[in-house]
Amino acid sequence: MKFRLLFILTIISALFTTSCSNEEPKTPEVVDNVLFMYFPWSTSLTHNFRQNIEDMEIAYMNANLQGQKIVVFFAESERKAELFEIKLDKGHIIHETIKFYPDINTTTEEGIATVLNDMKTNYVAKEYSMVIGAHGMGWLPVSKTRSLSLKYYWDYDSEYPTRFFGGLDADSQTDISTFANAIRRANLKMEYIYYDVCYMANIETAYELKDAANYIIASTSEIMSYGAPYAEIGQYMFGTPDYNAICDSFLKFYSDFSMPYGTLAVIDCSQIDRLATTMNEINTKFKFNPDQVGTIQRLDGYTPTIFFDMGSYVSKLCTDKALLDKFNEDLDKVIIKKVNTPQIYSMSMGRITIDTFSGITISDPSINASTQTITETKWYKATHK
């Protein structure tokens, strides 16, 4: 059984530049909603992605919604991909090819925007949402961390592997800032982005993406390679999303799963700036005591820890009760729903017990060498003025 790891200032991906199709562009369909499933080259998760698509097809058939389109970008290799629509034809699921990419660049702003524009050209929707499947490492930037000797979770031998955004090497990975810029370049703002990727429910990542989507759905930790149970949660992702039902169904599935480990949170991007203002006030008044780092809830298997529970961290940092209460009120507005199993699983460390869970992580107190560029993140700059 495998797992997925999910995002954060580093988003690893497989994206797109050219097509050999000479067909005349068709008149775009005007629809209510488009759910765009994006599966870049992951190196090791391709069979899991196929299962994810099949599971979403089950949900789609059962829901049978009018005005809902499901469009998929699927990378067959590091250089080849296809854009297609999942359709119902006389009660049967078919894949209708929109565009074939014989030689794609999967890591650039231009390439990502090209694919998004190809999707938009075919479907004009009132609302777009996005599901991303890949490996992930939160906010960590590709260019900086790859020069380090960091051993990522997928580098460990484990009977139970987990999921970076994109593939397992820098050539197939995309920085989160690049991804956010590509969405802006395509003149899009998603209703939600569901990161079926490890470590993406991270404040540094969320702050970078706050203008790319209204909501972010993601995990604080590693995800089983099976990924999200789309057959169960898909019905709640169509049309007007039911975020409570998505999370509750996710928790029920993983509580009964053979490897019962998982976390999921829904982040309201419109509330992040308010939280940043409060966090800046806290950082102005208090300095963290490194001797307390061992008392913070860890949500990864790295040594030293990279991703700490944000609520747990701030409770150790801020000793002003009124200010801490304000922070917790702001955090509750950012994290509108969160669920977790009693333990999480990491390929590098095994099982980790969760005593405190706020639904989002932060890397401020980390001394891991891979986090040396944290001061360059937009979140850090906004909260350390």
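This text goes with the structure placed above it.
Presented here is a report on the structure given in the accompanying data block. (Residues numbered from 1 in each chain as written. Predicted model: local features only at pLDDT ≥ 70, side-chain atom pairs only at ≥ 80, totals over all residues. Heavy atoms only, no water.)

## Observations concerning the overall build of the protein
Of regular secondary structure, the protein possesses 11 helices and 17 strands. Looking at the protein as a whole, 59% of its 385 residues qualify as buried. With an accessible surface of roughly 14800 Å², the protein has 46% of that area assigned to carbon and sulfur atoms. (Helix = DSSP H or I, 4+ residues; strand = E, 2+ residues; numbered from the N terminus. Buried < 20%, exposed > 50% of the residue type's maximum accessible area, 1.4 Å probe, protein only. Areas by Shrake-Rupley, 256 points an atom, 1.4 Å probe, with all protein chains shown as cover.)

## A closer look at helix α1 (residues 46-63)
Between its terminal C-alpha atoms α1 stretches 26 Å, which fits the 26 Å expected from 18 residues at 1.5 Å a residue. Those residues of α1 that sit buried are Thr46, Asn48, Phe49, Asn52, Ile53, Asp55, Met56, Glu57, Ala59 and Tyr60. Within two residues after α1, Asn64 carries a phi angle of roughly 50 degrees, on the positive side. (Expected span 1.5 Å × (residues − 1).)

## Details of empty space enclosed by the protein
Its volume calculated, the largest cavity comes out at about 50 Å³. If you trace the largest cavity, you find it lined by Asn33, Val34, Leu35, Gln68, Glu127, Ser129, Tyr192, Met237, Phe238, Gly239 and Pro241. Listed by contribution, the elements that provide at least two residues to the lining of the largest cavity are β3 (29-39) and β7 (123-133). The biggest single contributor to the lining of the largest cavity is β3, with 3 residues. Residue classes in the lining of the largest cavity are distributed as 6 nonpolar, 4 polar and 1 charged. (1 Å grid on protein atoms, 1.4 Å probe; cavity = no way out; pocket = protein on both sides within 12 Å on 5 of 7 lines; lining within 4 Å. Points joined across faces, edges and corners; volume = space filled by probe spheres on them. Nonpolar A, V, L, I, M, F, W, Y, C, P; charged D, E, K, R; others polar.)

## A closer look at helix α8 (residues 272-285)
The end-to-end C-alpha distance of α8, which contains 14 residues, comes to 20 Å, matching closely the 20 Å that a straight helix rising 1.5 Å per residue would cover. Among all positions in α8, only Ile272, Leu275, Ala276, Thr278, Met279, Asn280, Ile282 and Asn283 are buried. The inward-facing, buried residues of α8 contact α5 (203-209), β12 (263-268), α9 (310-317), α10 (321-334) and α11 (378-383). (Contact = heavy atoms within 4.5 Å.)

## Describing the pairing of strand β16 (residues 350-353)
Direction of pairing for strand β15 (residues 343-346) relative to β16: antiparallel, over a ladder of 4 bridges. Bridged to Ile344 within β16 is Ile352. Counted along the chain from β15 to the antiparallel partner β16, the turn is 3 residues long. (Pairing = 2+ DSSP bridges.)

## Topic: the sheet that holds strand β9 (residues 190-196)
What the 9 strands build is an open sheet, ordered β6-β5-β4-β3-β7-β9-β10-β12-β14; its pairing is mixed. Edge positions in the sheet fall to β6 (92-101) and β14 (335-340), since each of these pairs with one other strand and no more. Neighbouring strand axes in the sheet, compared pairwise and without regard to direction, differ in orientation by 20 degrees on average. Sheet topology places β9 next to strand β10 (residues 213-218); 4 bridges connect them, and they run parallel. If you follow Tyr192 over to β10, its bridge partner there is Tyr215. Here helix α2 (residues 109-122) sits on the sheet and contacts β3, β4 (68-75), β5 (81-89), β6, β7 and β9; the angle it forms with β7, its principal contact strand, is near 140 degrees. (Axes fitted to C-alpha atoms, helices over the stretch in contact; angles between N-to-C directions.)

## Quick look at the nonpolar core
The biggest cluster of nonpolar side chains holds 71 residues, and the ones touching the most others in it are Phe36, Leu116, Tyr195 and Met310. Of all hydrophobic cores here, the second largest spans 38 residues; its members include Phe39, Tyr194, Tyr254 and Leu264. (Core = buried A, V, L, I, M, F, W, Y, C linked by side-chain atoms within 4.5 Å.)

## As for unusual backbone geometry
Of the consecutive residues Thr303 and Pro304, the connecting peptide bond is found in the cis state with omega at -10 degrees. Note on placement: Pro304 falls in the loop between α8 and β13 (308-309). Positive phi outside glycine occurs at Lys90, with the angle close to 55 degrees. The residue Lys90 is located in the loop between β5 and β6 in this model. Owing to a relative accessible area of 77%, Lys90 belongs among the exposed residues under this scheme. Despite not being glycine, Asn187 shows a phi value in the positive range, around 60 degrees. Examined against the element boundaries, Asn187 turns out to sit in the loop between α4 (176-185) and β9. The exposure class of Asn187 is exposed, given its relative accessible area of 65%.

## Observations concerning the packing of α9 against α10
Interhelical geometry of α9 versus α10 gives an angle of 170 degrees and a closest axis separation of 10 Å. Relative to α10, the element α9 lies roughly antiparallel. Seen from α9, the contacting residues are Met310, Gly311, Val314 and Ser315; seen from α10, they are Leu324, Phe327 and Leu331. (Parallel < 35°, antiparallel > 145°, perpendicular 65-115°, else oblique.)

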